Amino acid sequence: MPRAWRILAWAFWLGVVGGRILAQTAEPAPPLPTLQALRWEESVLYIVASGKVTFHTFTLREPLRVVVDISPCSLPSEPIQPEGDTPTAVERLRWAQFKEGVVRVVLDLRSDTQYALSTDPSGEQAMLALGSAPDPQGEPPRLVAPPAKPAAPPAELIQMEWESNEEEARLRLRLSRKVAVRLQPHREGYQTILELPQVKPSAALPADWNVKHPLIEEVQFSGDEKGVRSALLIRTTRAASLRVEYDKQQPVITLAINRPRNAHGKLSEKHIVIDPGHGGKSLGAVGREKDSVVYEKDINLAIARRVRQLLLKEKATVTMTREDDSHVELYARPQLANDLGADFFISIHCDSTPKPNSASGTTTYFHASDPDGRALAQAIQKHLAAVTGLPNRGARSDTAIYQSGFAVLRRSNMPAVLIEVAYINHDVDRAKLKDPKFQQKVAEAIVAGLRAYVEGEREAQTAQQRREVEVRPASDRREEDIPVQMPEQL
Amino acid sequence: MKTVLRLLVVLLLAILAFGGGYWYASRRPQLAPRPTGVTTKPSVVVYVPRFVDTRTEWEAKPVPVGEGEDPLRVALEHLLITRDTPFPQGTRLLGVNVTEGVAEVNFSRELIDNFPGGSTTEAWIVESLRKTLAQFSDVERARILVEGKPIDTIGEHIDLSQPVAVR
Ligand SMILES: [Zn+2]
């Protein structure tokens, strides 16, 4: 009965095909997990899915790229906005629905980079660590603390208005919800950026932000329609203290701009404590040359002596934490300034990195987000940058490099800065540091910065004189960020 | 009659086969585990810094943890010797103790004796330690010790007189 068998086979085939069609219409496929977030933390990319998925990674060449296939997975209806800063090793981060059920994430690399991928036990997250694995058998790292953050919709900036009096300029920002903002000095002159992360301008926001106030030269608003990062660039006419005040009840932020502390009267009326870093048995950084060494402590003292000389000529009161090559305890230095009730504390140092010739330039540090320290650092850095002929590394918060900050700045009560004149382990910088003419120029710039802080700039800046800068919040948002504390109840 | 019966049997068998086919096709698809090339063997990450322009970028380096090894110790020991470590030459880990969220990390004398100077170097040392410790959920703060004694500073820039938060 071959015919019967044939009919049977046909019936089974029909059953499979028909059954498959019927089964698909009767029972819809369960929804696929979606790709939820892509987040950079240093050189680690966190990939987060909404459900259990598998991650499969491989390398493609020409151009060099690392691919992560996620399955079963689909893209969410809302577009994904990667968080964090893309590391320099990565040229571009891309992702797409590669085929049904597979989402592909691609990292375009600038150069050969080793990487390791590991998945979270939940199967919902993977961590792709870039960098040279130290071990040849290089096993991938385990995801220890999955820091998944849900992305909130951006807040809208509804209104900005000035409320100023002669002493103080106040800019009130009204938002649709409470957000945390950051104040950050710009590298050039008296310019400060108020970063508004997760904020987009509302359609009703007026366009003109210039206000007539003796402290303010110009305010520029850069609105990000996508709401990733908007920013205000504030140019002041002199060193000014900028503070952010959060309203306890309403989503209102006020930027208060004032003359900073001890910025009245004349430089000649001020008492300045100069602190040449290190001394005695404490050498500080060491610059090595073919047949000689240069000690940071000696350069610091040489510059400090010149600053004292110039300040005495100005008839100001000067105290040195050390007059010679003696050792002074670290914590005794700010203590001395506090005991004297000094107006300013100026610490002079030279910097160094683990690798010679890896960094060059001048930095002036202030403590945490102290508005007066920031103003003083901006004034001194502005004048220093004009004379050193080295890269201007800007006025920076000491907590940007390390959270507890510098001991001498943290413990002094008055406006205080720590100047890293140059890198003693960089050949170009060291040649300058040893040069008495350079030391004199640096000392003059420090005094000019102090005078500008107290008395204001001799001639007001004009729009032509100052170098144009654009508001570049995204690329400026780096480790220099100074988070402004939010009120605790938020 | 015989032909009719034969046809009926075939039809019956066909219906059964159709049902069987339907049942076969409508089973829930099995999500078979795919080979991914991904392992989840325990390992830790150490962080080392470098400048990109004027900003510090941190590289995460994965380090495998062997059977029976303490991941915290492995991470700290590796941090001291890994390429691009900011730690001074010859610094050894003498011990680490976590009590009530505070990690007391005890280093050898070389941390201070061989410290080459510079606030950048000093900040990088403390920051690399902080970042490396932050992956251990039982560590909230860190205290740096040299030969068993708490220190106020490594190189006279950074204030270490109090335990520092690791995250
Ligand atoms: Zn120093």
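On a predicted model such as this, the values are computed, not experimentally measured, just so you know. (Residues numbered from 1 in each chain as written. Chains lettered and ligands numbered in written order. Predicted model: local features only at pLDDT ≥ 70, side-chain atom pairs only at ≥ 80, totals over all residues. Heavy atoms only, no water.)

Student: Could you give an account of helix 4 (residues 371-388) of chain A, with specific residues and numbers?
Tutor: Residues and elements named next belong to chain A. The end-to-end C-alpha separation of helix 4 is 25 Å, in line with the 26 Å expected for 18 residues at 1.5 Å each. By the criterion of burial, helix 4 is predominantly enclosed, with 14 of the 18 residues buried. Residue Gly-389 follows helix 4 closely and has a positive phi angle near 70°. (Helix = DSSP H or I, 4+ residues; strand = E, 2+ residues; numbered from the N terminus. Expected span 1.5 Å × (residues − 1). Buried < 20%, exposed > 50% of the residue type's maximum accessible area, 1.4 Å probe, protein only.)

Student: Mind laying out the environment of A:Gln309, listing which residues take part and the relevant values?
Tutor: Residue and element names in this part refer to chain A. For Gln-309, the position within the fold is in helix 2 (residues 296-313). Residue classification places Gln-309 among the exposed positions, given a relative accessible area of 53%. For the pair Gln-309 and Ala-443, spaced 134 residues apart in the sequence, the C-alpha separation amounts to 9.1 Å.

Student: So what about the sheet that holds strand 6 (residues 102-109) of chain A? Which residues, and what values?
Tutor: Residue and element names in this part refer to chain A. Overall, antiparallel pairing links the four strands, which are arranged 3-4-6-5 in an open sheet. A strand with exactly one partner marks an edge of an open sheet, and here the two such strands are strand 3 (54-60) and strand 5 (90-99). Within this sheet the neighbouring strands show an average axis-to-axis angle of 20°, counted without direction. Direction of pairing for strand 3 relative to strand 4 (residues 65-71): antiparallel, over a ladder of seven bridges. If you follow Leu-60 over to strand 4, its bridge partner there is Arg-65. (Pairing = 2+ DSSP bridges. Axes fitted to C-alpha atoms, helices over the stretch in contact; angles between N-to-C directions.)

Student: Describe the domain arrangement of chain A, naming the residues involved and giving the relevant values.
Tutor: Residues and elements named next belong to chain A. Here the domain parsing of chain A yields domain 1 (35-130), domain 2 (155-262 + 462-476) and domain 3 (267-455). Measuring from the centre of the C-alpha atoms in domain 2 to the corresponding centre in domain 3 gives 30 Å. At the boundary of domain 2 with domain 3, total buried surface from both sides reaches about 1,700 Å², with 46% on carbon and sulfur atoms. At the boundary of domain 2 and domain 3, one finds one salt bridge. Two residues, Asp-372 and Arg-261, come together in a salt bridge whose shortest N-O distance is 3.3 Å. Linking domain 2 with domain 3 are 10 residue pairs in polar contact (both at pLDDT 80 or more). Within the residue set of the side of domain 2 that touches domain 3, elements represented by two or more residues are strand 11 (182-185), strand 12 (191-197) and strand 16 (241-246). Sorting elements by how many residues they give to the side of domain 2 that touches domain 3 places strand 16 first, with three residues. Of the residues belonging to the side of domain 2 that touches domain 3, the class tally is seven nonpolar, six polar and six charged. (Domains from an automatic or database assignment. Buried area = accessible area lost by both parts, 1.4 Å probe. Salt bridge = Lys/Arg side-chain N within 4 Å of Asp/Glu carboxyl O. Polar contact = N/O pair within 3.5 Å; in protein donor to acceptor, adjacent residues only side chain to side chain. Nonpolar A, V, L, I, M, F, W, Y, C, P; charged D, E, K, R; others polar.)

Student: Which residues make up the sheet that holds strand 24 (residues 392-397) of chain A, and what values go with them?
Tutor: All names here are of chain A. Reading across the sheet, the six strands line up as 21-18-22-25-23-24 and stay open at both edges, with mixed pairing between neighbours. Here the strands that pair on one side only, and so sit at the sheet edges, are strand 21 (317-320) and strand 24. The mean angle between the axes of side-by-side strands here comes to 20°, regardless of whether they run parallel or antiparallel. With four bridges connecting them, strand 18 (residues 271-276) and strand 21 associate as parallel partners.

Student: Which residues make up the packing of helix 7 (residues 427-434) of chain A against helix 8 (residues 436-455) of chain A, and what values do they have?
Tutor: Residues and elements named next belong to chain A. Contact geometry of helix 7 with helix 8 gives a least axis separation of 5 Å together with a crossing angle of 85°. Taken together, the axis directions place helix 7 and helix 8 in an arrangement best described as roughly perpendicular. Residues Lys-432, Leu-433 and Lys-434 of helix 7 touch helix 8, and the partners they reach there are Pro-436, Phe-438 and Gln-439. (Parallel < 35°, antiparallel > 145°, perpendicular 65-115°, else oblique. Contact = heavy atoms within 4.5 Å.)

Student: Before we move on, could you go through the packing of aromatic side chains and cite the residues and values that matter?
Tutor: Taken as a whole and assessed by the stated rule, the structure comprises four aromatic pairs over all chains. Judged by centre distance (5.4 Å) and plane angle (90°), the ring pair of A:Phe344 and A:Tyr453 falls under edge-to-face. Of the two residues, A:Phe344 sits in strand 22 (residues 344-351) while A:Tyr453 sits in helix 8, which places them 109 residues apart along the sequence. Of the two residues examined, A:Phe344 and A:Tyr453, each falls in the buried class. Geometrically, the ring pair formed by B:Phe87 and B:Phe107 is tilted, given 5.4 Å between the ring centres and 45° between the ring planes. Here B:Phe87 is found in the loop between helix 2 (71-81) and strand 3 (93-99), whereas its partner B:Phe107 is found in strand 4 (residues 102-107), with 20 residues between them in sequence. One Lys or Arg, A:Arg393, reaches over the ring of B:Phe51 and ends 4.5 Å from the middle of that ring. (Phe/Tyr/Trp six-rings, centres within 6.5 Å; stacked < 30°, edge-to-face > 60°. Lys NZ or Arg CZ within 6 Å of the ring centre and 35° of its normal.)

Student: I'd like a description of the pairing of strand 6 of chain A, backed by residues and values.
Tutor: All names here are of chain A. Extensive coverage of strand 6 is indicated by the burial of eight of its eight residues. Of the two faces of strand 6, the one carrying Val-102, Arg-104, Val-106 and Asp-108 and the one carrying Val-103, Val-105, Leu-107 and Leu-109 are both buried. Pairing of strand 5 with strand 6 involves eight bridges; the strand directions are antiparallel. Across the sheet, residue Trp-95 finds its bridge partner in strand 6, namely Val-105. Hairpin connection, strand 5 to strand 6: the antiparallel pair is bridged by two residues, and Gly-101 has positive phi, about 85°.

Student: Outline the pattern of salt bridges, listing residues and values.
Tutor: As enumerated under the stated definition, the model contains 32 salt bridges over all chains in all. Across the pair B:Asp159 and A:Arg411 runs a salt bridge, and its minimum N-O distance is 3.1 Å. In this pair, B:Asp159 is assigned in the loop between strand 6 (149-150) and strand 7 (164-165) and A:Arg411 in the loop between helix 6 (407-410) and strand 25 (416-423), connecting two distinct chains. Under the relative-accessibility criterion, A:Arg411 is labelled partly exposed at 31%. Residue B:Glu57 is joined to B:Arg55 by a salt bridge in which the shortest nitrogen-to-oxygen separation is 3.5 Å. Owing to a relative accessible area of 7%, B:Glu57 belongs among the buried residues under this scheme. A single salt-bridge network, built from bridges that share partners, covers A:Glu168, A:Arg170, A:Arg243 and A:Glu245.

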